[in-house]
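An overview of the molecular structure
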Amino acid sequence: MAGKRSLACRGPFLVLLAIAVVFTGCGLFDIRDPMQPIGEIVVHTPNDPDSVILNFALGIENERGGIFTLTEALADTFLFKLDPSDAQTSYGVNDIFLTRSETLDGWRSFISGAALRNEEFRIVFGPPEEKIVLVTGALVLWDEVPYELTTTMSAGGDSVVTKAVIAQGVIDLFFAEKGSGNWAISRWEDKIDSSTPTFGARIETGSGHPRP
Amino acid sequence: VPSTRALPGAILFFVGLLSGVRPASAQPPAAADTSGVFGFLRPTYTTSYNITRQATTWQQGFSFKNQWNGITIDNNTTYRVQSDPSRVNFRGREGSTTTTLSFSALNTVPVSLDFSYSRLGNNDTNVKSRVNSFDSGLKATYNRRFFPGANASLVGGIGLTRRDTRNNFSGSETGSRDLGLTRELTASGNYTGPVPGMSFRVNTTLNAVRSQPEAINPVPGQARSETRTNTRNSNGLTWSWAPWEGMTADASFTRNGSNQNFILVSRDVDKNNKEEEATDRTTAFNSSLGYKPAGSKTTEFRLDVAASNVENKRLIEVERANKSNTRSFNLNVKHRLIGNALTFHAENTDEEQDSGVLGRGVTITRVVDGAIERPWSTTFSTRLYGEVRLRSQTYDDGEQDYDGLKNRFDVSADYKPWTKLSTSLTLRRSADEGNYIDETQSRGSRFEETYGASANLNYTLSTRTSISQKYDFTSLFTSYPFDSALANIQRSRTVNTTVSTTLSSKLTLQLGHVYLFTENGGYRRDRAGTRLFAKSNLKYRQEMRSTLQYKPLDWLTFSTEERLYRTDDVRLTDDFRTTSSQVTFTQRAVFKRPIPGGGDFNCDMAFDLQKQLRPRPGPTEKFFTARLSLDKSF
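Since we're looking at a predicted model, the values are computed, not measured.

Analysis parameters
- Residues numbered from 1 in each chain as written.
- Chains lettered and ligands numbered in written order.
- Predicted model: local features only at pLDDT ≥ 70, side-chain atom pairs only at ≥ 80, totals over all residues.
- Heavy atoms only, no water.
- Helix = DSSP H or I, 4+ residues; strand = E, 2+ residues; numbered from the N terminus.
- Rg over C-alpha atoms; globule rule 2.2 N^0.38 Å.
- Buried < 20%, exposed > 50% of the residue type's maximum accessible area, 1.4 Å probe, protein only.
- Contact = heavy atoms within 4.5 Å.
- Areas by Shrake-Rupley, 256 points an atom, 1.4 Å probe, with all protein chains shown as cover.
- Lys, Arg positive; Asp, Glu negative; His and termini not counted.
- Charge placed at Lys NZ, Arg CZ, Asp CG, Glu CD.
- pLDDT = per-residue confidence, 0-100.
- Pairing = 2+ DSSP bridges.
- Expected span 1.5 Å × (residues − 1).
- Core = buried A, V, L, I, M, F, W, Y, C linked by side-chain atoms within 4.5 Å.
- Phe/Tyr/Trp six-rings, centres within 6.5 Å; stacked < 30°, edge-to-face > 60°.
- Patch = residues over 30% accessible without salt bridge, like charges linked within 9 Å, V, L, I, M, F, W, Y side chains within 5 Å.
- Salt bridge = Lys/Arg side-chain N within 4 Å of Asp/Glu carboxyl O.
- Polar contact = N/O pair within 3.5 Å; in protein donor to acceptor, adjacent residues only side chain to side chain.

1. Re the overall build of chain B
Scanning chain B from terminus to terminus reveals one helix and 29 strands. In summary, chain B has a C-alpha radius of gyration of 32 Å against a globular reference of 26 Å for 634 residues, an excess of more than 25%. Expressed along its principal axes, the backbone C-alpha trace of chain B runs to roughly 85 × 65 × 65 Å. Counting only residues that meet the buried cut, chain B has 37% of its 634 residues in that class. Considering only contacts in chain B between residues 6 or more positions apart, those separated by 24 or more positions represent 50%. Accessible surface, chain B: about 34,800 Å² in total, of which carbon and sulfur atoms supply 55%. Across chain B, the mean location of the 81 positive side-chain charges is 7 Å away from that of the 64 negative side-chain charges.

2. A short note on the confidence of the model for chain A
Residue and element names in this part refer to chain A. Counting all residues, the mean pLDDT for chain A is 81, and 79% of those residues have values of 70 or more. Of all secondary-structure elements in chain A, the lowest mean pLDDT belongs to helix H1 (residues 2–24), at 57, while strand S2 (residues 97–99) reaches the highest, 95. Note that pLDDT drops below 50 for residues 1–5; the model gives that stretch zero contacts with residues more than four away or on any other chain.

3. So, the pairing of strand S13 (residues 275–291) of chain B
Residues and elements named next belong to chain B. Of the pairings in the sheet, the one linking strand S12 (residues 247–263) to S13 comprises 17 bridges and is antiparallel in character. Of the residues in S13, the one forming a bridge with Asn259 is Thr279. Pairing analysis gives 14 bridges linking S13 to strand S14 (residues 300–314), with the strands arranged antiparallel. Pairing of Leu289 across the sheet is with Leu303, part of S14.

4. Looking at helix H2 (residues 49–61) of chain A
Taking 1.5 Å of rise per residue, 13 residues should cover 18 Å, and H2(A) covers 19 Å from first to last C-alpha, within 8% of that figure. Residue A:Glu63 follows H2(A) closely and has a positive phi angle near 45°.

5. A short note on the nonpolar core
Counting 38 residues, the largest nonpolar core has A:Phe56, A:Trp107, A:Leu149, A:Trp188 and A:Phe199 as the members making the most contacts within it. Sequence-distant contacts of A:Trp107, defined by excluding residues within four places in its chain, comprise A:Ile60, A:Ile67, A:Leu70, A:Phe121, A:Leu149, A:Phe199 and A:Ile203. Core analysis: the second largest hydrophobic core is formed by nine residues, A:Phe29, B:Phe344, B:Val388 and B:Leu405 among them.

6. With respect to the packing of aromatic side chains
To describe a pair of aromatic rings, one takes the distance between the centres and the angle between the planes. Residues and elements named next belong to chain B. Applying the stated rule across the entire model yields 25 aromatic pairs over all chains. With a centroid separation of 6.2 Å and 75° between ring planes, the pair formed by Phe380 and Tyr415 is classed as edge-to-face. Of this pair, Phe380 sits in strand S18 (residues 380–395) while Tyr415 sits in strand S19 (residues 402–418); the two residues are 35 residues apart in sequence, bridging distant segments of the chain. What makes Phe380 partly exposed here is its relative accessible area of 30%. Since its relative accessible area comes to 40%, Tyr415 is described here as partly exposed.

7. Some details on a nonpolar patch on the surface
All names here are of chain B. Taken together, Leu138, Ile158, Leu160, Leu179 and Leu181 make up a surface patch of nonpolar side chains, about 390 Å² in accessible area. At the level of secondary structure, the elements contributing two or more residues to the nonpolar patch comprise strand S7 (150–169) and strand S8 (172–192). Assignment of secondary structure puts Leu160 in strand S7. For Leu160, a relative accessible area of 38% corresponds to the partly exposed category.

8. Re the environment of B:Glu184
Residue and element names in this part refer to chain B. Locating Glu184 in the fold gives a position in strand S8. Since its relative accessible area comes to 23%, Glu184 is described here as partly exposed. A C-alpha to C-alpha distance of 7.8 Å links Glu184 and Val155, two positions 29 residues apart in sequence. Glu184 has contacts with Lys139, Val155, Gly156, Gly157, Thr205, Leu206 and Asn207, leaving out every residue within four places of it along the chain. One polar contact links Glu184 to Asn207, side chain to side chain, over a distance of 3.3 Å.

9. A word on the interface of chain A and chain B
Each partner contributes residues to the interface: chain A has 71 residues there, and chain B has 86 residues. Joining chain A to chain B, the criterion identifies seven salt bridges. One salt bridge connects A:Glu177 with B:Arg541, and the closest N-O pair in it is separated by 2.5 Å. Taken together, chain A and chain B are joined by 17 residue pairs in polar contact (both at pLDDT 80 or more). Elements with a contribution of two residues or more to the side of chain A that touches chain B: H1, helix H3 (67–73), helix H4 (84–91), helix H5 (100–112), strand S4 (130–135) and helix H6 (199–203) of chain A.

10. Concerning the side chain of A:Thr150
All names here are of chain A. Here Thr150 shows up in strand S5 (residues 139–155). With a relative accessible area of 8%, Thr150 lands in the buried category. In this view, Thr150 contacts Glu120, Phe121, Arg122, Lys163, Ala164, Val165 and Ile166; residues no more than four positions away in its chain are not counted.

11. Overview of the environment of B:Gly598
Residues and elements named next belong to chain B. Mapping Gly598 onto the fold places it in the loop between strand S27 (576–594) and strand S28 (600–614). What makes Gly598 partly exposed here is its relative accessible area of 27%. Placed 256 residues apart in sequence, Gly598 and Leu342 show a C-alpha to C-alpha distance of 47 Å.

12. A short note on the pattern of salt bridges
The tally for this structure, following the rule as stated, stands at 45 salt bridges over all chains. A salt bridge links A:Arg32 to B:Asp403; its shortest N-O distance comes to 2.8 Å. Placement of A:Arg32 in the loop between H1 and H2 and of B:Asp403 in strand S19 is noted, with the two residues assigned to different chains. With a relative accessible area of 27%, A:Arg32 lands in the partly exposed category. In this structure B:Asp403 comes out as buried when scored by relative accessible area, which is 2%. Note that B:Glu214 is salt-bridged to B:Arg177, the shortest N-O span being 3.5 Å. Of this pair, B:Glu214 sits in strand S10 (residues 214–215) while B:Arg177 sits in strand S8; the two residues are 37 residues apart in sequence, bridging distant segments of the chain. In this structure, a network of salt bridges that share partners links the residues A:Lys81, A:Asp95, B:Arg80 and B:Glu94.

13. Structural notes on unusual backbone geometry
All names here are of chain B. The omega angle of the peptide bond from Gly193 to Pro194 is 0°, so this bond is cis rather than trans. Structurally, the position occupied by Pro194 is in the loop between S8 and strand S9 (198–211). Pro615 follows Arg614 through a cis peptide bond whose omega is 0°. Looking at the element boundaries, Pro615 is found in the loop between S28 and strand S29 (621–633). For Asn273, which is not glycine, the phi torsion reads 75° and is therefore positive. You can call Asn273 buried: its relative accessible area is 4%.

If you want it as structure tokens, here you go:
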């Protein structure tokens, strides 16, 4: 009886273990080591929403080198809600939400455009109309935050510098505390505020979000 | 050119005209039909109204379907209005109506007429956008049965389509209009045989629209687009075989494509009014092999193998262009062996992508996971679960290269010593290594290791009162390979307690308390490798809630809930403490009631009061949340 019970316990486990070892032990799950880093981006410890928004701006300014900083500033479940008019123009419906990876792909695509390679970007957020604590220590809404994305382009050396506002709008920003005690942006609700395109309109074409 | 404004009226006129048709005396209407609108229509009306923080959405739907004398009419209409008071002038509208009239011509050829009209519109301070589209079509179907088990169907159609898009950005109007002639041909065939349980299906569809898109406000000197034919095609071949009960095998091959030309309407002046040429191709192969004995809940086998190729080209919006090749297999096995319930899952997906702006890259996803569950007795059972997950992406430019490996192992046990008490204990360990490979990104690489234990306890004190408690202890170690000074530990302890009691047959009370204590700080390893924890921050979070629920009738519930939150953050370096607290008070009514004569009315309304108490008393916020819906069949 003892032998049978022992088999009952160990047999299936050994079968699973053997299969798992075959899959995991033959290099199929090996990962590469990172290269020695160059440059340095000083980021703020994201222990409150203010630090997160500063890190987001740093990520934008550092362009391709800032993708990691941007990724960290957005929660895993981050959603970017396009302005209804932007959504309607591109997708034919009012409600379109980009995921975190779609948002990052859209930004990466936007700054990779051939015409934009020599540009420097800067995003500035104005004060929110109101900061609403939805759940103390866990969820915060910054209501009606104005923003401006500007580009500075140098041509013919540093003598000619052109600066332009390429995206503008107002957002409702939701911040959530991640499990590690750090904060991140969990939702960005974009709103058109002028004739200048929104940030969402700039990044959605390269986001890869499927059209209905 | 049909006037789109006249279309809704025309459709209503059409419906009204039909309402005058008398049912044939040979087919007397059922008694129930005489109670319908006009004596024969039985429409359904649905409506819902949502308010969340004063942002509203009102949705309405109306549909009906009726059949008489071999004629079927089917209508579906929806309308939605959105408003947002934080955006003073915002108002969004979406509406669509589709009507299909089907009848049989020459007694053998089913014919259908389709009318579809949709209108989308948004108004905002500086932006107005409108999209109106109308589609109409006449389709005829011819079915042929060649011999038992083999039949074919041919559908031919012709119609008109029109789409108007207008956007007004700060007084500057842009947009396009497009009127086209549609032709559609669909052929399909089914064959069951040549051996029992085997079947084949082949289908092909071709849709062509000949049109000349036009910008409503072209750039001076801009030539009008040439007349073009936009096409969509879809082809598929499916094979399936069920050789014996519980065993299935199937495979399918599909190839879909489209070539579309249209005028871009965009606020990007470099793209607006330009004629876009979009070409999309998708080729896919899917196959599966499955085995599940009839009536078995413990044994199942399924293997899926798939491959697909997607190619999207764009002339103007090149950011939307991409190519990808995906190959995947997915294996799921479930089996009971000597008293153990085993589950095993293995998955591999290789995706090659090529995008004009992101470059060329390969993403590999590999997952192996499995579980063993064993009921040792009627009161005691255990479960082991393990998972390994890899995500690896490699791009030509190297900058987006990333490798992530996650391992997870859980052990849990459930114990129910007697009917009033149930308990469970879980121990878990996970490791998450994420490496950004390129030198410009690699500083973000990190390793997270989590150890945790949790225990649950549910105890029924009496027939009226029960208590549940959950204890959790978690330690998260995060380290960065290129900056050991950033290594940190977060230790947290949580106790969640809920007491529920039934005060009377209509009144229940629930009290809850959540306690969370978190310690944060950096760590370094000594010579022996032991982590030395330097605590820098403490966080105490508590939440108390009381909920009183009164249910005077089966369909009506009132509840009132009060929640008090308090968070204390303590910085140990200078012993600085920040306390924040908040109170919320929610009153709620839920109404769910059938409507006499068919249908349901649901209403869920809540009024929230929220006030920040610390660190500074804030204003009392009030907001209203409501969800109302009505479904009614007439």
